[in-house]
Amino acid sequence: MQQLDYKSIAGLVDAAQAAGEAVSAVVLRQQAAELSQSEEQVYQEMLARYRVMAGCIGPGCAPDLKSTSGLTGGGAFKVRRAVEAGRSLTGSVLGGALYRALAVSELNAAMGRVVAAPTAGSCGILPAAVLTMQAEKGCTERACVLSLFTASAVGMVIASTATLAGAEGGCQAECGSAAAMAAAALVELAGGSPAQLADAVAIALKNVLGLVCDPVAGLVEIPCIKRNASGVAGAFVAAELALAGMGSAIPADEVIWAMKKVGEGMPAALKETAEGGLAATPTARALHQQVFGHAPAPGGCSACSSCPKP
């Protein structure tokens, strides 16, 4: 078996092609060997995580759900109601993915379940993509769980060669990476090739290059929750293009490198400090006052003694 070092997407693709298997099969076998466990043991651990994700949808769609701050909640209920009433512009697949992404991220903000995938701020994107494939496309639970190994491998590559943290790379590193992971899972679930999977990763990530991290009041709610919906939509777009044979002119590993460089070039005000972007608008400052009882300090939420430190 070709050894995986999670240093490149190309390496994942090469290993899968050499084995004549899906990326998930190669990753599962390698992880089992590394952990000195059977493949079934490792699979069962991922299955438990998948069921936690699935368990977020019902409570996340509650009509009276509210975050601890009171700023968000109830959005998933509204979108789900629109989808189930046939009022969705995009149908039950994308519409379903949107409300599932909102459900997971709103439940996270309400201190329900935290599903970091790969971060809490981007927690709804990957679960929504995979759960929607099970609910709307008839994918088996086992296939969905296996696709999480593929997504995890993509996340490990991004983490080892760039960053997953909004404080380092902006929201492109959080929601962007989650969208790339979700796109990879979607391609595998749809029967795409490892090469198409890599194209989807590249397309998803390059479409959000430069996305800033600007949490209003320093809380992972506004605009983060809606970016989860946008992120899963972007994952479906990337997967759709890749599966149709529309490859990425820039290889996935070079896109990840570009994301790292863009993040390094971003000013600190746009990297989770709540000093710039939407967090600096008059309405955002008023919301900060509403939640914490005082205006944000000149240096943003990160400078407030009584505010959460991003």
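Our subject in this report is the structure included herewith.

Cut-offs and rules
- Residues numbered from 1 in each chain as written.
- Predicted model: local features only at pLDDT ≥ 70, side-chain atom pairs only at ≥ 80, totals over all residues.
- Heavy atoms only, no water.
- Helix = DSSP H or I, 4+ residues; strand = E, 2+ residues; numbered from the N terminus.
- Rg over C-alpha atoms; globule rule 2.2 N^0.38 Å.
- Buried < 20%, exposed > 50% of the residue type's maximum accessible area, 1.4 Å probe, protein only.
- Contact = heavy atoms within 4.5 Å.
- Polar contact = N/O pair within 3.5 Å; in protein donor to acceptor, adjacent residues only side chain to side chain.
- Disulfide = S-S within 2.5 Å.
- Phe/Tyr/Trp six-rings, centres within 6.5 Å; stacked < 30°, edge-to-face > 60°.
- Lys NZ or Arg CZ within 6 Å of the ring centre and 35° of its normal.
- Core = buried A, V, L, I, M, F, W, Y, C linked by side-chain atoms within 4.5 Å.
- Axes fitted to C-alpha atoms, helices over the stretch in contact; angles between N-to-C directions.
- Parallel < 35°, antiparallel > 145°, perpendicular 65-115°, else oblique.
- Left-handed = near helix turned anticlockwise from the far one by under 90°.
- Salt bridge = Lys/Arg side-chain N within 4 Å of Asp/Glu carboxyl O.

This paragraph deals with the overall build of the protein chain. Within the protein chain, the secondary structure is distributed over 14 helices and zero strands. In sequence order, the secondary structure elements of the protein chain are arranged as α-α-α-α-α-α-α-α-α-α-α-α-α-α. On C-alpha atoms alone, the protein chain measures out to a radius of gyration of 19 Å, which is about the 19 Å that the 2.2 N^0.38 rule sets for 310 residues. For the protein chain, the C-alpha atoms occupy an extent of roughly 60 × 45 × 40 Å along the three principal directions. The 310 residues of the protein chain split such that 50% are buried. Sequence-distant contacts in the protein chain: of pairs separated by 6 or more residues, those separated by 24 or more amount to 71%.

Before going further, it helps to spend a moment on the side chain of T150. Its place among the elements puts T150 in helix α8 (residues 141-161). Reaching out from T150, the side chain makes a polar contact with the backbone nitrogen of S24 at a distance of 3.1 Å.

Our next topic: the state of the cysteines. Counted under the stated rule, the structure contains zero disulfides. For the unlinked cysteine C139, the closest cysteine sulfur is that of C144, found at 5.1 Å. The class for C139 is buried, based on a relative accessible area of 14%. Between C175, a free cysteine, and C171, which holds the nearest cysteine sulfur, the sulfur-to-sulfur gap is 3.7 Å. A relative accessible area of 5% places C175 in the buried class.

Here the focus is the side chain of Q31. Examined against the element boundaries, Q31 turns out to sit in helix α2 (residues 23-35). Here Q31 falls in the buried class, since its relative accessible area comes to 17%. A polar side-chain atom of Q31 sits 2.9 Å from a polar atom in the side chain of Q30. Apart from residues lying up to four places away in sequence, Q31 is in contact with Y6, V42 and M156.

In this section: the packing of aromatic side chains. Applying the stated criterion across every chain, the model contains zero aromatic pairs. If you follow R142 out to its NZ or CZ, it ends over the ring of Y43, 4.1 Å from the centre.

Core analysis: the biggest nonpolar cluster contains 90 residues, and I9, Y50, L126, V130, F149, I158 and V232 have the highest contact counts within it. Per-element tally for this core: the top contributor is helix α10 (residues 171-189), with 14 residues. When neighbours within four sequence positions are excluded, F149 is seen to be in contact with S24, V27, L28, V42, Y43 and M46. In this structure, L71, V216, A217 and L219 belong to the second largest nonpolar core, which totals five residues.

The next point concerns the environment of S24. Along the chain, S24 turns up in helix α2. According to the relative accessible area criterion, S24 is buried, its value standing at 4%. Linking S24 and E188, residues 164 residues apart in sequence, is a C-alpha distance of 8.4 Å. Ignoring sequence-local partners within four residues, the contact set of S24 consists of L146, F149, T150 and E188.

Taken N-terminus to C-terminus, the directions of helix α7 (residues 125-137) and helix α12 (residues 224-243) make an angle of 50 degrees; their axes are 8 Å apart at the nearest point. Relative to α12, the element α7 lies oblique. In this structure, α7 meets α12 at a crossing whose hand is right-handed. Of α12, the residues touching α7 (which contributes I125, A128, A129, T132 and M133) are R227, N228, G231, V232 and F236.

In total, this model carries six salt bridges according to the counting rule given. Put simply, R29 and E21 hold a salt bridge, and the shortest N to O gap is 2.7 Å. Taking the shortest distance from any N to any O, the salt bridge between E264 and K261 comes out at 3.6 Å. Of this pair, E264 and K261 both sit in helix α13 (residues 252-265), three residues apart, roughly one helical turn.

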